[in-house]
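Architecture and fold: a report
These are the residues of each chain, in order.
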Amino acid sequence: MSKAISQVPFAQNEPVKTYAPGSEEVKSLIATYKKMYAEELEIPMVIGGKNVTTKEKVTIHPPHDHKHTVGFYHQGTMKHVDEAIKVALAAKKQWNDLGWEQRAAIFLKAADLIAGPYRDRINAATMIGQSKNVHQAEIDAACELIDFLRFNVEFMTELYAEQPISDAGIWNRAEYRPLEGFCFAVTPFNFTAISANLPSCMALMGNVVVWKPSDKQAYSAHVIMEVFKEAGVPDGVINMIFTDGKETAERVLAHPDFAGLHFTGSTKVFQGMWKMIGDNIHNYKSYPRIVGETGGKDFVMAHPSADVEALATALVRGAYEYQGQKCSAASRAYIPKSIWKDVKKVMEKQMKTIKVGTTEDPSNFVNAVIDRNSFDKCKGYIDRAEKAKDAEVVIGGKCDDKKGYFVHPTVIETTNPHYESIEQEIFGPILTVYVYEDKKWAETLQLVDSTSPYALTGSIFSQDRYAINEAYKALENASGNFYINDKPTGAVVGQQPFGGSRASGTNDKAGSKMNLLRWVSARSIKETFVPAKDYKYPYLG
C-alpha cells in the first residue's frame, strides 16, 4: 500500500481539434476511417479478460450505408451473463485491495491513450458505427471521454479527502468503500463517452462491473475495451456482453449480489428495470444504487427581446447536430409572433447550406439516423405533419433511405401547443415550433413547464434581464441543465454536470463528484486514544 498522500494531475478539459479542411489531423482521421471501413471486424464479448465468441454472429452496417458490412459482433446467451457475474465477483477482492492510486493510474493512462494513439481509431469507429461527423465524434468519443476519465480521478480524490472533524481524545475518519457485490452498466448508442463512463466510473471507485452496451454502438465499444485492456484494467473488473436486453435485465436484477445500476437509455426500459429491482428487493444483500438518465423533450423559450440571429443559430445547432439524436437536443421551441418571421428567415438561409451525407466527407453537417426504426419513426412524424390541419412542415421534410437512413433537418410549425411532435420524444432531426402571442409570455412559460414529463435541458433567449429572471424561476424544475442565450446541448465535464429529473432520470449529474458518491458506501470510523475505565459519568457524582 502507498505510504504517501498522493496528488493526482490537475484535470483540464481536453482541447477540441478543429479538423479544418486540409489539416494534418483531418487527413489522418479520414485515412484511419477509410482503412477501418474497408475491413471486416470481428467483435467478441469480453468476460474475465478473455475474448468470447459464439455461433450467433450479428452483422454491423453503417447507418449511412446500410448495405455495407464492416464486421459482426458475437451475440451471447444467459450463460454468458452468468459467467460475467461470476468472474466479476471473483475479481472483486483483489481489485478492492488495490490502492486508489493504482486505480487512478489505470484510468489516467486510458485517457492518455485516447488522447494519443487511439484518438483516430475511437473517432473513426464512432463515425462508422454511429454515423457521427468528424466534429461530433471528436467532442464525444475523444474529448468528453478523456474528460470523464481525468476529472473522475480528481473527483475521487476530492471525495476521499472529505473527512469529519475530531474532538479531544478521538480521531474520526471516513472511508469510502466500494459497493458490496457487482454493478450493472447499461449504455446507449448515441454517445461513446457515456458508454465508456458508466462502467469505468464505477470501476474507478473499486467496483466490478457487468457492462451491456447498445448493439448499435458495438464498434466503438470494442475500441473502448481495447483501451481499457492496454491501460491495465485487470481481468474481470469490466466485462462486456452482447445479450438480449430484457432477459439480461431479468437475470442480473434477480441476483442477490446485484449492488447498483448505472443506466442511460429509454424511460420505459429504465422504469421497467426499477420495477424489477423493487420486486426483487427482498433478495438483495443491500439496497442497490439506481442511477439513470432517460431522455428529454428539450425546449428553447424565446422572449420578444431575443437576438434573432443568435436564436436561429442555436436552434439549427441544437436541433440538428448529430441528427437530433442527443437526449439534450432542442426539439420544441416557443417563439414570439413578433420575431418568428425573422427567425425563420435566418434558419432557412442557414439550413439551405447544410450538407447531408456520409461521415467520410467532413463537410457534411448532418448524417444518418441510427437505424430503420428511427428512420421510419421520423418519417412518420413528417408525413403526419404534412397532412395535419394544425401543423405544417415549413422547412425540410425530405427523407431518403435508399443507401443510408437520411432524414433532412426539418421544422414543423404548429398552432396547437399540444401537437404530437411538440410533446413526444422523437430523437431525430425534427424541431417543432409553437408561435405565441407576445402578450402571452408569462402564460407560455407555464406551458413550457407543463407540456412535457421530461426535465433534462432547456434554454431561454432574451436581452431583457427581468425576463431572463422570470423564466429562470418559472422553469426551475423544467430542466436539470438550463442555458441562458445558448443552445441546450453541449454540456462539458466539470463545467456543466449533466442530468435531469422528472421523467428524464435521477439527476445524479455525470461529470461531477455527485455521481461518484453513488458508487461508494461510506464507513465512519471513530478511534478513542485513552478509553474510559469506569462506566460512571460525572453527573452520577
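Scoring rules and cut-offs
- Residues numbered from 1 in each chain as written.
- Predicted model: local features only at pLDDT ≥ 70, side-chain atom pairs only at ≥ 80, totals over all residues.
- Heavy atoms only, no water.
- UniProt positions renumbered as here; feature names shortened; annotations may be inferred.
- Domains from an automatic or database assignment.
- Contact = heavy atoms within 4.5 Å.
- Buried area = accessible area lost by both parts, 1.4 Å probe.
- Helix = DSSP H or I, 4+ residues; strand = E, 2+ residues; numbered from the N terminus.
- Buried < 20%, exposed > 50% of the residue type's maximum accessible area, 1.4 Å probe, protein only.
- Pairing = 2+ DSSP bridges.
- Right-handed = clockwise from strand over helix to strand, strands pointing away.
- Axes fitted to C-alpha atoms, helices over the stretch in contact; angles between N-to-C directions.
- Expected span 1.5 Å × (residues − 1).
- Parallel < 35°, antiparallel > 145°, perpendicular 65-115°, else oblique.
- Left-handed = near helix turned anticlockwise from the far one by under 90°.
- Nonpolar A, V, L, I, M, F, W, Y, C, P; charged D, E, K, R; others polar.
- Phe/Tyr/Trp six-rings, centres within 6.5 Å; stacked < 30°, edge-to-face > 60°.
- Lys NZ or Arg CZ within 6 Å of the ring centre and 35° of its normal.

As recorded in an unreviewed UniProt entry, the protein chain goes by L-glutamate gamma-semialdehyde dehydrogenase and comes from Elizabethkingia bruuniana. The heading Pathway (unreviewed entry) in the UniProt record of the protein chain holds the text "Amino-acid degradation; L-proline degradation into L-glutamate; L-glutamate from L-proline: step 2/2." Turning to the protein chain, the UniProt annotation filed under Catalytic activity (unreviewed entry) states: "L-glutamate 5-semialdehyde + NAD(+) + H2O = L-glutamate + NADH + 2 H(+)".

Regarding the domain arrangement of the protein chain
Where the parts come together, the accessible area they lose is often given as the size of the interface. Annotation of the protein chain at the domain level lists domain 1 (45–52 + 77–113 + 132–294 + 505–525) and domain 2 (298–484). A straight line from the C-alpha centre of domain 1 to that of domain 2 covers 33 Å. Counting residues at the interface gives 13 residues for domain 1, matched by 17 residues for domain 2. Each partner contributes to the roughly 1300 Å² buried at the junction of domain 1 and domain 2, and carbon and sulfur atoms together form 58% of this total.

Points about the side chain of His-80
Inspection of the secondary structure puts His-80 in helix H2 (residues 78–97). Note on His-80: relative accessible area 10%, which makes it buried. Discounting residues that sit within four places of it in the chain, His-80 has contacts with Met-45, Ile-47, Val-52, Thr-54 and Ile-241.

Observations concerning the pairing of strand S8 (residues 209–212)
Side-chain alternation along S8 places Val-209 and Trp-211 on one buried face and Val-210 and Lys-212 on a second face that is also buried. As judged from the 4 bridges shared by strand S7 (residues 182–186) and S8, these two strands associate in the parallel manner. By the bridge assignment for S8, Cys-183 is matched with Val-209. With helix H6 (residues 192–204) bridging S7 and the parallel S8, this β-α-β connection has right-handed handedness.

Considering the UniProt feature "active site" (unreviewed entry) in the protein chain
Under the present numbering, the feature "active site" (unreviewed entry) in UniProt falls on Glu-293. Its place among the elements puts Glu-293 in strand S11 (residues 289–293). With relative accessibility at 11%, the residue Glu-293 sits in the buried group. Sequence-distant contacts of Glu-293, defined by excluding residues within four places in its chain, comprise Phe-263, Thr-264, Gly-265, Cys-327, Leu-456, Phe-498, Ser-504 and Gly-505.

Examining the UniProt feature "domain: Aldehyde dehydrogenase" (unreviewed entry) in the protein chain
The feature "domain: Aldehyde dehydrogenase" (unreviewed entry), as annotated in UniProt, sits at residues 56–518 in this numbering. The span residues 56–518 shows a helical share of 43% and a strand share of 19%, and its end C-alpha atoms are spaced 36 Å apart.

Comments concerning the sheet that holds strand S14 (residues 391–395)
If you trace the 7 strands from one edge of the open sheet to the other, you get S14-S17-S18-S13-S12-S20-S21, paired in mixed fashion. Unpaired on one side and paired on the other, S14 and strand S21 (481–484) mark the two borders of the sheet. Across the sheet, the mean angle from the axis of one strand to that of its neighbour is 20 degrees, orientation sign disregarded.

Some words on helix H4 (residues 119–130)
With 12 residues, H4 ought to run about 16 Å at 1.5 Å a step, and its terminal C-alpha atoms sit 16 Å apart, in line with that. Most of H4 is tucked away, with 11 of its 12 residues classed as buried. Those residues of H4 lying buried are Arg-119, Asp-120, Ile-122, Asn-123, Ala-124, Ala-125, Thr-126, Met-127, Ile-128, Gly-129 and Gln-130. In this structure, the buried side of H4 is in contact with helix H1 (24–38), helix H3 (100–115), helix H5 (134–161), H6 and helix H7 (218–231). Looking one or two residues beyond H4, the residue adopting positive phi is Ser-131, at roughly 55 degrees.

Observations concerning the pairing of S11
The buried fraction of S11 amounts to 4 of the 5 residues, a majority that puts the element mostly inside the structure. Two strands pair when backbone bridges link them, and strand S10 (residues 258–264) and S11 are joined in this way by 5 bridges, in the parallel orientation. When the bridges of S11 are listed, Gly-260 appears paired with Arg-289. The parallel pair S10 and S11, bridged by helix H9 (residues 267–279), forms a crossover whose chirality is right-handed.

Focus on the packing of H3 against H5
Working note: a packed helix pair is described by the angle between its axes plus the distance between those axes. Axis separation between H3 and H5 bottoms out at 8 Å; the angle between their running directions is 160 degrees. Taken together, the axis directions place H3 and H5 in an arrangement best described as roughly antiparallel. As for the relative orientation of H3 and H5, their crossing is left-handed in sense. In this structure, H3 uses Trp-100, Arg-103, Ala-104, Phe-107, Leu-108, Ala-110, Ala-111, Asp-112, Ile-114 and Ala-115 to contact H5, whose residues at the interface are Ala-141, Ala-142, Leu-145, Ile-146, Leu-149, Arg-150, Val-153, Met-156, Thr-157 and Tyr-160. The residue inventory of the contact of H3 with H5, partitioned by class, reads 16 nonpolar, 1 polar and 3 charged.

Thoughts on the packing of aromatic side chains
All chains considered together, the criterion is met by 15 aromatic pairs. Ring centres 6.3 Å apart and planes at 50 degrees place the aromatic pair Phe-375 and Tyr-405 in the tilted group. With Phe-375 in helix H12 (residues 372–387) and Tyr-405 in the loop between strand S15 (399–400) and strand S16 (406–407), this pair connects stretches of sequence that are 30 residues apart. The burial state of Phe-375 is the same as that of Tyr-405; both residues are buried. When the centroid spacing of 6.2 Å and the interplanar angle of 20 degrees are considered together, the rings of Tyr-537 and Tyr-539 count as stacked. Like Tyr-539, Tyr-537 is exposed. Among the aromatic residues, those joined into a cluster by ring pairs are Trp-100, Tyr-160 and Tyr-176. Sitting over the ring of Phe-191, Lys-132 keeps its end group 4.0 Å from the ring centre. The side chain of Arg-173 reaches across the aromatic face of Trp-171, ending 4.2 Å from its centre.

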